[in-house]
Amino acid sequence: MNAPVKIETTLKDWETDQEVRWCPGCGDYAILKAVQRTLPQLGADPANTVFISGIGCSSRFPYYVESYGFHTIHGRAPAFATGAKLANPDLDIWLVTGDGDGLSIGGNHLMHVLRRNVNMQIMLFNNEIYGLTKGQASPTSREGTKSPSTPIGSYDHPARPAAFALGAGARFVGRGFDVSKHLPDVLKAAHAHQGAAFIEIFQNCIVYNKDVFNDFAAPKGAEDQQLWLENGKPMLFAKESKGIALNRDTLSLEVVDVVDGDWEAAGVIVHDVTNRSIAHMLVEMPFGPFPMALGVLYDDPKPTFEAAALAEKAAASEGKEANLAKLLGKGQTWTVDGTAQDPV
Amino acid sequence: MATAAPNDPGLPQDGLPDTPESVVVRFAGDSGDGMQLTGGQFTLSTALAGNDLATFPDFPAEIRAPQGTLFGVSAFQINFGSREINTAGDAPDVLVAMNPAALKVNLAALKPGGLIIADTGAFTKRNLEKAKYAANPLEDGSLGKFDVLAFDISEKTIEAVKPYGLGNKDALRSKNMWTLGLALWMFDRPRDPIHDWLKSKFKSKPEIADANIAALDAGHAYGETAELAGPLKQVHIDPVPSEPGLYRTVTGAEAVSLGLVAGAQLAELPMFFGGYPITPASAILHHLARLKEYDVTTFQAEDEIAAVCAAIGASYAGSLGVTSSSGPGIALKTEAIGLGIMTELPLVIVNSQRGGPSTGLPTKTEQSDLYQAVYGRNGDAPMPVIAASSPSDAFDVAIEACRIAVQYMTPVMLLTDGYIANAAEPWKVPDPASYTPFPASFLTEKNAQDDDGEGVFLPYKRDDKGARPWVKPGTPGLMHRIGGIEKHELTGNIDYSPDNHQRMTDLRKGKVEGIAVPDQEVCLGNTSGKLAVVGWGSTYGPIHRAVDNARRKGLDVSHIHVRHIWPMPANLGELLHGFEHVLVPEMNTGQFKTVLRDQFLVDATPLTKISGQPFQIAELEEAIGKYFDGVEGNEGGQVLVNDDQLPHLEAGHDDGSLNDTASPQSQEHGS
């Protein structure tokens, strides 16, 4: 794999001539802008960047980014992306999926792309609803969600995307929300990570599931419910008046008050992005009693799938000649007079 | 002699003639007896002796069925001779039965007067019970119409390998080599190639190699000694005259794999193969996984869907994407194949058909996925379909599939079946340089101009074949978006407008219908006349021999075998209309017949067989004969259909147990 060449672009260079067709006010607009703002900062090359998506509102994303784009079929984007990456490991691939696409019909592929650790950024837009099919409950919908398919309220237990990703073996788990000014930072960290980087992005579906994330993602007034994690920094929130501590007796996290900024005295722990145990607790941390953990929850790279595939191919080819004529005549052969030949 | 052809005199009661034209031998035993291995090595020695041959491995779906049971019987049939061999043979002349169950399951197929070689050591009370025999058939006179050569192979094997210090259980694992040794003697074959093979197979365990060689030699020596009395004797079959050159044996799975490698090289493309384990298609994944130096990447995906999607993703990125499966897996891939058709990317899909529907008969052969291949997608989704007629033909057909995929930017389905995949035949090794290359071209510059003369890129602008340009991501200046939504006929941008959808549907249809397909030739007989027998796929062998036999009797019948199932050769309709009757034998309920009727309004008559077994020559001869009743020499049809080879109930599950082994390839361990 070649080291990527940094290219100078502006946000405008990443806009297509296609009319964006999301509902007015949809959180997808903000995510699109955040991505288009981030790509120039990364020095990304539009010719080498590929957006691959499945089916759903989020999956229209590739049409609006001036790069290569493949709008595939429902749930299967990780498989297309894996094939593309194996065929050309130099491509910079962004996967766009949603809670239905990625966790319902495509849950299997999402699991495998994560555990294989194929190098790409996976953005899962979680709006807790099926938008494009007009508002049915999704696998992330909260219990009791009333929708056309669950008129009395849903009763299945919701999936938790970040916990799913970590459980599947992801080496990078990040979180953000559509209108957050920190979202580009999470995207940049994901891009810097070599391997499958999973980002759950809470996204407001203003038509079918309006404002369900307002308790922590409202444009104003919800900041105290956001725990923005930074590597090497104490886990503080609510203007540093509160923090997250580890109860060593029950091996669980708890919220503690921080008095006079003395977080150490309060037992607040320092975020270590490579600590997988703490990461498991962070993705399981229930919102309500706890703030919403955002930012980079976990980041601990290991060798990528495509690197292993390339290495194996090189090792298996080492010293071997790709001679088709010889290959065809391989094994025990004979000539018409019945003379046995030595195996080639 | 190998077939129940009407002009064959049949075997005399005293065994095989000294120099028969052809012989059919079936090795049958328990799944664990190593019959496939024995058959494979016997095939090789037969090929080395210069005989033409065809084989039919027939094994259970269970990896290791309970020992001694009827459903655990594994068989390997080989037909070899000094005349051209087209099939694995209708009825065996010689049946090697390693246990009572093997005898019971296979006896009905044996030719009257045929020779049974049985291991009395395995005919124990317990094994007889498992095979549901009330009395020992070797002793109760029930085998009166056959020659029986029964002796204790188990004991003789144990004796032969005694010097190598193996326990009885391990020693008995060499039983198949003892039997092979006897067969080698019987047909006058050298042992050296098998010795060499055993030495290389057990390189790290020389004592096992030596024990097996000792067993092989002992079986051979037994033949020499036993010839003095009884029905056992040595027969000689002359080599078949064939074109000079280098030969090898090849199975369909090998030939498909090699053909795909050759196709990718002719297209000057790296190959990406996405697969998921399924019988009988897995062998292709296994072969290709060992050919990485040919710029082949293999990917064992999480499921069938991911396998095809990854292949399409690889094609999108500039490789030749290939996927392979059998019917149930192809069903899962269908939606993605539709995306390949919509986005017009090259893709080769190999379907090794097996008995269906659903899980069906994983290890048995059938041709019942033709509708699935031609019609089985949502929307108007035309896709080329081609079919291999034999193991060696699969090489050329795989190359043809790659050519069409790359030149026309389309998914192509290649149909083989369980019979072709597993069966072996001699193959004159082709010279790769004799194939015309079809290098893929990737667009790197804008391909149109706007009104102001500015260069623009139109991802769906077509060439004279109707193919759109192939653009690799990574190409500067040609960024574009593709997807499964209907798109504008030039820009590829989303376009739902009525006129555009009509045009795009017509363009996709026209592209596939316009694929250059060679004119259909008649492979045997005249180009018009009384009867055309029209086949496709693995029915080639039995149809060819049946038509040949009928023509030797003077009957006006021709054999037409179709490789290009979709689109069909332009002259095929006219050709078929030149015959009074069109008979279409198929291992399904008449699927190709329906397509022929639909395309050409021809009165095609189906001849169907859905037993999981290939057609027998005799069955086809009888069907042909019915068109010629009243013709001198053919009164009333002469050939009785031999139902015996159809799987009978006892060969299935006698205990009602489930047999849901869709995925794993049955395998046997040798010696």
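Before going into details, it helps to say that this report is about the structure given with it. (Residues numbered from 1 in each chain as written. Chains lettered and ligands numbered in written order. Predicted model: local features only at pLDDT ≥ 70, side-chain atom pairs only at ≥ 80, totals over all residues. Heavy atoms only, no water.)

1. Some thoughts on the sheet that holds strand E14 (residues 334-335) of chain A
- Spatial ordering of the open sheet is given by E14(A)-E7(B)-E14(B), a layout of 3 strands whose pairing is antiparallel. Lying at the two open borders of the sheet, with one neighbouring strand each, are E14 of chain A together with strand E14 (424-428) of chain B.
- One ladder, built from 5 bridges, connects strand E7 (residues 246-251) of chain B with E14(B); its direction is antiparallel. Across the sheet, the residue bridging to Tyr247(B) is Lys428(B), located in E14(B).
- Docked against the sheet, helix H9 (residues 252-266) of chain B engages E7 and E14 of chain B, running at close to 110° with respect to E7(B). (Pairing = 2+ DSSP bridges. Helix = DSSP H or I, 4+ residues; strand = E, 2+ residues; numbered from the N terminus. Contact = heavy atoms within 4.5 Å. Axes fitted to C-alpha atoms, helices over the stretch in contact; angles between N-to-C directions.)

2. What about helix H12 (residues 327-343) of chain B?
All names here are of chain B.
- Between its terminal C-alpha atoms H12 stretches 24 Å, which fits the 24 Å expected from 17 residues at 1.5 Å a residue.
- Along H12, the sharpest kink reaches roughly 50°, centred on Thr 334.
- Glu 344 sits one or two positions beyond H12 and adopts a positive phi of about 55°. (Expected span 1.5 Å × (residues − 1). Bend = angle between axes of the 7 residues up to and from the residue.)

3. What about the packing of helix H1 (residues 35-48) of chain B against helix H6 (residues 175-186) of chain B?
Residue and element names in this part refer to chain B.
- Axis separation between H1 and H6 bottoms out at 10 Å; the angle between their running directions is 30°. Considering their axes alone, H1 and H6 lie roughly parallel with respect to each other. Here H1 and H6 pass one another in a crossing that is right-handed. Residue-level contacts link Met 35, Leu 37, Thr 38, Gln 41, Phe 42 and Ser 45 of H1 to Asn 176, Leu 180, Ala 183 and Leu 184 of H6.
- Taken together, the residues of the contact of H1 with H6 sort by class into 6 nonpolar, 4 polar and no charged. (Parallel < 35°, antiparallel > 145°, perpendicular 65-115°, else oblique. Left-handed = near helix turned anticlockwise from the far one by under 90°. Nonpolar A, V, L, I, M, F, W, Y, C, P; charged D, E, K, R; others polar.)

4. A look at the layout of surface pockets
Residues and elements named next belong to chain B.
- If you add up the space inside the second largest pocket, you get close to 990 Å³.
- Forming the boundary of the second largest pocket are 49 residues, of which Asp 52, Ile 85, Ser 392, Glu 425 and Pro 426 lie nearest the centre.
- Elements with a contribution of two residues or more to the lining of the second largest pocket: strand E2 (52-58), helix H14 (393-408), E14 and helix H17 (540-552).
- Of the residues assigned to the lining of the second largest pocket, the class counts are 24 nonpolar, 16 polar and 9 charged. (1 Å grid on protein atoms, 1.4 Å probe; cavity = no way out; pocket = protein on both sides within 12 Å on 5 of 7 lines; lining within 4 Å. Points joined across faces, edges and corners; volume = space filled by probe spheres on them.)

5. Re the pattern of salt bridges
- Scanning the entire structure with this criterion turns up 32 salt bridges over all chains.
- With a closest N to O distance of 3.0 Å, Glu284(A) and Arg160(A) form a salt bridge. Linking Glu284(A) in helix H9 (residues 276-284) with Arg160(A) in the loop between strand E6 (136-137) and helix H5 (161-168), this pair joins segments that are 124 residues apart in sequence.
- Since its relative accessible area comes to 44%, Arg160(A) is described here as partly exposed.
- In this structure, Arg503(B) engages Glu489(B) in a salt bridge whose closest nitrogen and oxygen atoms are separated by 2.4 Å. Taken as a pair, Arg503(B) in helix H16 (residues 498-513) and Glu489(B) in the loop between strand E17 (481-483) and H16 lie far apart in primary sequence, 14 residues in all.
- The class for Arg503(B) is partly exposed, based on a relative accessible area of 36%.
- Among the charged side chains, a salt-bridge network with shared partners connects Lys12(A), Glu15(A) and Lys33(A). (Salt bridge = Lys/Arg side-chain N within 4 Å of Asp/Glu carboxyl O. Buried < 20%, exposed > 50% of the residue type's maximum accessible area, 1.4 Å probe, protein only.)

6. Side note on the interface of chain A and chain B
- Every contact between the two is made by 57 residues of chain A and, on the other side, 67 residues of chain B.
- For the chain A and chain B pair, buried surface summed over both sides reaches about 5300 Å², with 65% attributable to carbon and sulfur atoms.
- Counting the surface chain A buries against chain B, the share from its top three residues, Tyr68(A), Leu328(A) and Trp334(A), is 17%.
- In this structure, the connection of chain A to chain B is made through 4 salt bridges.
- Residue Arg116(A) pairs with Glu302(B) through a salt bridge whose shortest N-O separation is 2.8 Å.
- Viewed at the interface, chain B and chain A are joined by 22 residue pairs in polar contact (both at pLDDT 80 or more).
- Among the secondary structure elements, those contributing two or more residues to the side of chain A that touches chain B are strand E2 (68-71), helix H2 (77-87), helix H4 (107-116), helix H10 (305-317), helix H11 (324-328) and E14 of chain A. (Buried area = accessible area lost by both parts, 1.4 Å probe. Polar contact = N/O pair within 3.5 Å; in protein donor to acceptor, adjacent residues only side chain to side chain.)

7. Describing the packing of H1(B) against helix H7 (residues 192-201) of chain B
All names here are of chain B.
- Following both chains from N to C, one finds H1 and H7 inclined at 135°, their axes separated by 10 Å at the closest point. One finds that H1 runs oblique with respect to H7. The element H1 and its partner H7 pack so that their crossing is right-handed. Listed contacts from H7 to Leu 37, Gln 41, Ser 45 and Leu 48 of H1 are Pro 193, Ile 194, Trp 197 and Lys 201.
- Partitioning the contact of H1 with H7 into residue classes produces 5 nonpolar, 2 polar and 1 charged.

8. Let's talk about the sheet that holds strand E9 (residues 296-300) of chain B
Residue and element names in this part refer to chain B.
- Strand order in the open sheet formed by 7 strands is E9-E8-E10-E11-E13-E12-E20, with mixed pairing between adjacent strands. Looking at which strands have only one partner, the edges of the open sheet turn out to be E9 and strand E20 (564-566). When the angles between neighbouring strand axes are averaged without regard to direction, this sheet yields 20°.

9. Focus: the nonpolar core
- Grouped together as the largest cluster of nonpolar side chains are 172 residues, with contacts concentrated most on Ile52(A), Leu114(A), Leu260(B), Val534(B), Ile560(B), Phe592(B) and Leu596(B).
- In this structure Ile560(B) touches Gln520(B), Glu521(B), Val522(B), Cys523(B), Ala532(B), Val533(B), Val534(B), Gly535(B), Leu572(B), Leu575(B), Leu576(B) and Phe579(B), once residues within four positions along its chain are discounted.
- Among the nonpolar cores identified, the runner-up in size contains 47 residues, and Phe27(B), Leu53(B), Ala215(B) and Ile237(B) belong to it. (Core = buried A, V, L, I, M, F, W, Y, C linked by side-chain atoms within 4.5 Å.)

10. Structural notes on the pairing of E9(B)
- In terms of burial, E9(B) is largely enclosed, as 4 of its 5 residues are buried.
- At this point the chain moves from strand E8 (residues 271-275) of chain B, through helix H10 (residues 282-289) of chain B, to the parallel E9(B), and the crossover so formed is right-handed. (Right-handed = clockwise from strand over helix to strand, strands pointing away.)

11. Looking at the pairing of strand E18 (residues 529-536) of chain B
Residue and element names in this part refer to chain B.
- Most of E18 sits inside the fold, with 7 of its 8 residues counted as buried.
- Alignment of E18 against strand E21 (residues 579-586), held across 4 bridges, turns out to be parallel. Across the sheet, residue Ala 532 finds its bridge partner in E21, namely Val 582.
- Across 6 bridges, the pairing between E18 and strand E19 (residues 557-562) is parallel.

12. A closer look at the side chain of Lys104(B)
- The residue Lys104(B) is located in helix H2 (residues 100-107) in this model.
- A polar contact is formed between the side chain of Lys104(B) and the backbone oxygen of Lys132(B), at a distance of 2.8 Å.

13. Here's the deal with a negative patch on the surface
- Negative charge collects at one region of the surface, where Asp450(B), Asp451(B), Asp452(B) and Glu454(B) lie side by side.
- Along the chain, Asp450(B) turns up in the loop between strand E15 (448-449) and strand E16 (455-456). (Patch = residues over 30% accessible without salt bridge, like charges linked within 9 Å, V, L, I, M, F, W, Y side chains within 5 Å. Areas by Shrake-Rupley, 256 points an atom, 1.4 Å probe, with all protein chains shown as cover. Lys, Arg positive; Asp, Glu negative; His and termini not counted. Charge placed at Lys NZ, Arg CZ, Asp CG, Glu CD.)

14. Remarks on unusual backbone geometry
- In the segment running from Thr279(B) into Pro280(B), the intervening peptide bond is cis, with an omega of 0°.
- In the segment running from Trp566(B) into Pro567(B), the intervening peptide bond is cis, with an omega of -10°.
- Although it is not a glycine, Glu240(A) adopts a positive phi angle of roughly 65°.
- Looking at the element boundaries, Glu240(A) is found in the loop between strand E10 (236-237) and strand E11 (242-247).
- One non-glycine residue with positive phi stands out, namely Leu601(B), at about 45°.
- Locating Leu601(B) in the fold gives a position in the loop between helix H19 (591-600) and strand E22 (604-608).
- Taking relative accessible area as the criterion, Leu601(B) reaches 76% and is therefore assigned exposed.

15. Description of the packing of aromatic side chains
- Applying the stated rule across the entire model yields 31 aromatic pairs over all chains.
- With 5.8 Å between their ring centres and 10° between their planes, Phe51(A) and Trp94(A) make a pair best called stacked. Of this pair, Phe51(A) sits in strand E1 (residues 49-53) while Trp94(A) sits in strand E3 (residues 92-98), placing them 43 residues apart in sequence. Comparing Phe51(A) with Trp94(A), the two get one shared label, buried.
- An angle of 45° between the planes, with centres 6.2 Å apart, marks the rings of Tyr371(B) and Tyr375(B) as tilted. Within this pair, Tyr371(B) and its partner Tyr375(B) are both found in helix H13 (residues 370-375), separated by 4 residues, close to a single helical turn.
- A relative accessible area of 31% places Tyr371(B) in the partly exposed class.
- When the ring centre of Phe305(A) is taken as origin, the NZ or CZ atom of Arg116(A), which lies over that ring, is 5.8 Å away.
- The ring of Phe442(B) carries the charged tip of Lys472(B) above its face, separated from the ring centre by 4.3 Å. (Phe/Tyr/Trp six-rings, centres within 6.5 Å; stacked < 30°, edge-to-face > 60°. Lys NZ or Arg CZ within 6 Å of the ring centre and 35° of its normal.)

16. Topic: the environment of Glu159(B)
- Among the structural elements, Glu159(B) can be located in helix H4 (residues 153-161).
- Once the C-alpha coordinates of Glu159(B) and Gly245(B) are considered, the two residues, 86 residues apart in sequence, prove to be 43 Å apart.

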